[in-house]
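A structural walkthrough
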Amino acid sequence: MHKPDVVVIGGGQAGLAASAMLIEHGVDHVVLERDSIASRWRQRWNSFTLVTPNWTVRLPRGEYDGSDPDGFLPRDEIVAHLEQYAERIGAPVVTGIDVTEVTARNGGYRIATSDGPYDARAVIVATGTFQRPKRPPIGQPGLGILDLHSSDYRSPDELPPGGVLVVGNGQSGAQIAEELHEAGRRVVLSVGRATRAPRRYRGRDVFRWLEAIGLLDRPVEALDSPAERFAANPHVSGKRGGHTLNLHRFARDGIRLTGRLTGIEGSVVRFAPDLAANLAASDEFANGLRSGLDEFIVKAGIDAPPPDPADDYDGRDGFDQPETLELDLAAEGIGTILWSAGYAWDFSWVRPARLDEYGYPIQRADYADSRGLYFLGLHFLHRQKSGIFYGVGDEARAIAAHIAGHA
């Protein structure tokens, strides 16, 4: 029987940040990881980079300290940073341990694992939001067409010959569509309601502006609906020093845009007639963001340069494309459907957890009702920054302090 004071579940940035702060408070604990440290980051495609600048990596005792704070860490450097972080803080990580259930027991918790049970006074669930690749149940493609989720994509060379239908224009979908097009593949991009933002605006990276206006600290209570937490993030890219992704530029350069994918039957796929509406919504968001930043700059008296046309593309080429309602993939020479439909989460195995109608944990920001059970590193759990390198450290500090204060 294992009896640490605290069990942390998950060896990514959230679990390691929690470990760093528990060590600082002198709290006995263990970090249980199913695969390896930074396993989720290892699953990204070969050319993946963060879309948040390096200066936003603010883990406790694990801040970015390199020579390019305005750059964007590539996948392998993210993994290396987290591995070195775990070693530097002396995190008690045990890998290869699968946690199957958490139950309340004797005023604490019993954690069922592949290594036998653990009993602990407190548990920090740091498994993240992106747990299981999601694919809508709208049919299966015929033989000869590869059906692939973005989590399994690595590079254009590993795909079968032919064109690629990319489903979803969120962060991953837009970046992968661009990479496939640049590799010479014919690309059809099924566009949903994901929006876009300029990579830079009036002399600063967009994340500098989001920090300045306080958007990254926006609490979940400020949303019109809890469902807004799960909307796709605006797409930008960190490749080649960071640049703007724009669907109209995609259309200009030869990527075929369609509306939302609604059905698959053999080699025939069908789309909703909503391309123009989705493009308009994306444009409206980008324009609204720029207008809001302009107002902030004036009110704050910031000496910012005027907008640079090179920071974005002002064409409307996407509206010029004919609406595609049906496509025969075999006839069009498309050999792959690549899904960028996001991820699903499942916290039903955390038996004492209080979950909302979406199956998402309910947790007060002051942890007053935590009962020794905490969630960390989830997207927009308390604030917009809750799940990213920029914000997870703050919540790890608060949780560790709360645990230490109730020893």
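Below is a summary of the structure that appears in this document. Remember, it's a predicted structure, so these values are computed and weren't measured experimentally.

1. A word on the nonpolar core
Among the nonpolar cores identified, the biggest contains 60 residues, and Trp 41, Leu 82, Ile 124, Leu 189, Leu 257 and Ile 403 are the most heavily contacted of them. Broken down by element, the residue count for this core peaks at seven residues, all from helix H1 (residues 13–24). Excluding anything up to four places from it in sequence, Leu 257 contacts Leu 189, Val 191, Leu 247, Ala 251, Leu 275, Leu 279, Gly 318 and Gln 321. The next biggest cluster of nonpolar side chains, apart from the first, holds 23 residues, and it includes Ile 9, Val 350, Tyr 360 and Phe 375.

2. A few points about the pattern of salt bridges
Inspection of every chain in the model, using the stated rule, returns 30 salt bridges. The partner of Arg 196 in a salt bridge is Asp 312, with the nearest N and O atoms 2.8 Å apart. In this pair, Arg 196 sits in the loop between strand E13 (187–190) and strand E14 (200–201) while Asp 312 sits in the loop between helix H7 (275–300) and helix H8 (317–320), placing the two residues 116 residues apart along the sequence. In this structure, Arg 199 and Asp 205 form a salt bridge, with 2.9 Å as the shortest nitrogen-oxygen distance. Residues Arg 199 and Asp 205 agree in their burial class; the two are buried. Among the ionic contacts, a cluster of salt bridges with common partners joins Glu 178, Glu 182, Arg 240, Arg 249, Arg 252 and Asp 253.

3. Regarding the sheet that holds strand E8 (residues 118–120)
Across the sheet, which stays open at both edges, the three strands sit in the order E6-E7-E8 with antiparallel pairing between neighbours. Each edge of the open sheet carries a strand with a single partner, namely strand E6 (99–105) and E8. Direction aside, neighbouring strands of the sheet carry axes that sit 20° apart on average. In this structure, E6 lies alongside strand E7 (residues 108–113), joined through six bridges in antiparallel fashion. Looking across to E7, one finds that Val 102 is bridged to Ile 111.

4. Regarding the packing of aromatic side chains
On inspection of all chains with the given rule, the structure shows 11 aromatic pairs. On the basis of an interplanar angle of 40° and a centroid distance of 4.7 Å, the ring pair of Phe 230 and Trp 345 is categorised as tilted. Taken together, the residues Phe 230 in the loop between helix H5 (206–212) and strand E16 (236–237) and Trp 345 in the loop between strand E23 (343–344) and strand E24 (373–375) connect sequence positions 115 residues apart. Consider the rings of Phe 347 and Phe 375, whose centres lie 5.4 Å apart with planes at 85°: the pair is edge-to-face.

5. Things to note about helix H4 (residues 171–182)
With 12 residues, H4 extends 17 Å between its outermost C-alpha atoms, agreeing within 8% with the 16 Å of an ideal straight helix rising 1.5 Å per residue. Counting buried positions over the 12 residues of H4 gives 10, a clear majority of the element. Taken residue by residue, H4 has Gln 171, Ser 172, Gly 173, Ala 174, Gln 175, Ile 176, Ala 177, Glu 178, Glu 179 and Leu 180 as its buried positions. Contact partners of the buried residues in H4: strand E12 (163–167), E13, E16, strand E17 (243–244), helix H6 (247–253) and strand E22 (334–339). The positive-phi residue at the C-terminal boundary of H4 is Gly 184, with phi of around 95°.

Calculation notes
- Residues numbered from 1 in each chain as written.
- Predicted model: local features only at pLDDT ≥ 70, side-chain atom pairs only at ≥ 80, totals over all residues.
- Heavy atoms only, no water.
- Core = buried A, V, L, I, M, F, W, Y, C linked by side-chain atoms within 4.5 Å.
- Buried < 20%, exposed > 50% of the residue type's maximum accessible area, 1.4 Å probe, protein only.
- Helix = DSSP H or I, 4+ residues; strand = E, 2+ residues; numbered from the N terminus.
- Contact = heavy atoms within 4.5 Å.
- Salt bridge = Lys/Arg side-chain N within 4 Å of Asp/Glu carboxyl O.
- Pairing = 2+ DSSP bridges.
- Axes fitted to C-alpha atoms, helices over the stretch in contact; angles between N-to-C directions.
- Phe/Tyr/Trp six-rings, centres within 6.5 Å; stacked < 30°, edge-to-face > 60°.
- Expected span 1.5 Å × (residues − 1).

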